[in-house]
Amino acid sequence: MKRFTAILLCAVATLTAETSAAQEHKIPFNGEVTDGAGKAIRTARVWHRSERDYALTDRAGRFGLTDVGPSDTLRILVKKRCYAIPVEGRRSMRIRLFDETQAAAEEAPEFVSLGYGFVARRERTNATNYISGEDLRRSGFTDILSALQGRVPGLDITGRGSQGGDGMQLTMRGTRSFKADSTPAFVVDGVIVPSFEGINLNDVDYVEVMKEATVYGSNGANGAILVHTKTAAR
């Protein structure tokens, strides 16, 4: 088992693949994420080339990815901590996260024979809408929510208010919730916030609107609007 120092900060912008990696043979990739005691870590976000195309670990800590090359690097986001795990030619992986800086990984041969067995647990990007900051700025509005109006199917923004504050109502059609209200969660660079007050539209890299956002617990029961800033993308 090889131990290495994890990268603590992850870029949220699209990761550019090396030309040689793009030519490598890609395979279904099954994995498992646990803590240092071997306890499964659920709802950890795992991706390899683009954070926009990720998997969430299930209750057993398992995830499935496709098109993973032998020289790719997996990124794992757990409670605002991000780990970089080089694939190094492995065809599957059992990953243990010991603390904020240390992780270890080894190949799990029994996962390889499952083929696409874990891929069913993958988050599907077709349930998520992405709007670039550039597109939002072209709307002529100066605030995020006003710029989103009419751009996301199922997202209704009504009333007067500022950036999701008092007076503005948001409803995500198609969500299922036991909560009394229908307001989606507001998230900025991975942190849940009460509103987008103070976020300059010129600082936005892209916005992600999720109808299924259980990764954010009860806060995401009605979906979530995720703002990714240019600062976090660096």
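Each remark here, short or long, concerns the structure printed above.
Please read all numbers here as calculations on a predicted model, not as lab measurements.

Colleague: Outline the pairing of strand 9 (residues 102–106), supporting the account with residue identities and numerical values.
Modeller: One ladder, built from four bridges, connects strand 8 (residues 92–97) with strand 9; its direction is antiparallel. Bridging from a neighbouring strand, Arg94 pairs with Glu106 of strand 9. Adjacent in sequence and paired antiparallel, strand 8 and strand 9 are bridged by four residues.

Colleague: So what's going on with the side chain of Glu208? Residues and values would help.
Modeller: Structurally, the position occupied by Glu208 is in strand 15 (residues 204–210). Although Glu208 is buried, it forms no salt bridge, and the closest oppositely charged side chain is Arg45 at an N-O distance of 4.5 Å. A polar side-chain atom of Glu208 sits 3.2 Å from a polar atom in the side chain of His228.

Colleague: How would you summarise the side chain of Ser92 if you had to cite specific residues and measurements?
Modeller: As for its placement among the helices and strands, Ser92 is situated in strand 8. On the accessibility criterion, Ser92 (0% relative accessible area) is buried. Only 2.6 Å separates the side chain of Ser92 from the backbone oxygen of Ala108, close enough to count as a polar contact. Not counting residues up to four positions away in its chain, the partners in contact with Ser92 are Phe29, Asn30, Glu106, Glu107, Ala108, Pro109, Phe111 and Val112.

Colleague: Explain the packing of aromatic side chains to me, using residue names and the numbers behind them.
Modeller: Under the definition given, this model contains one aromatic pair. One cation-aromatic arrangement involves Arg45 over Tyr54; the distance from NZ or CZ to the ring centre is 4.0 Å.

Colleague: Describe the sheet that holds strand 4 (residues 55–56), listing the residues and the values that go with them.
Modeller: A sheet is described by the order of its strands in space; here four strands give the open sequence 4-3-6-7, paired in antiparallel fashion. Bordering the open sheet on either side are strand 4 and strand 7 (81–86), each of which pairs with just one other strand. As defined by bridge partners, strand 3 (residues 45–47) adjoins strand 4 across two bridges and the pair is classed as antiparallel. Looking across to strand 4, one finds that Val46 is bridged to Ala55.

Colleague: Give me the lowdown on the pattern of salt bridges, citing residues and values where you can.
Modeller: Think of it this way: side chains of opposite charge can pair up when their charged atoms draw near. Counted according to the given criterion, the structure contains six salt bridges. One salt-bridge network, held together by shared partners, links Glu32, Arg62, Arg94 and Glu110.

Conventions and cut-offs
Residues numbered from 1 in each chain as written. Predicted model: local features only at pLDDT ≥ 70, side-chain atom pairs only at ≥ 80, totals over all residues. Heavy atoms only, no water. Pairing = 2+ DSSP bridges. Helix = DSSP H or I, 4+ residues; strand = E, 2+ residues; numbered from the N terminus. Buried < 20%, exposed > 50% of the residue type's maximum accessible area, 1.4 Å probe, protein only. Lys, Arg positive; Asp, Glu negative; His and termini not counted. Salt bridge = Lys/Arg side-chain N within 4 Å of Asp/Glu carboxyl O. Polar contact = N/O pair within 3.5 Å; in protein donor to acceptor, adjacent residues only side chain to side chain. Contact = heavy atoms within 4.5 Å. Phe/Tyr/Trp six-rings, centres within 6.5 Å; stacked < 30°, edge-to-face > 60°. Lys NZ or Arg CZ within 6 Å of the ring centre and 35° of its normal.

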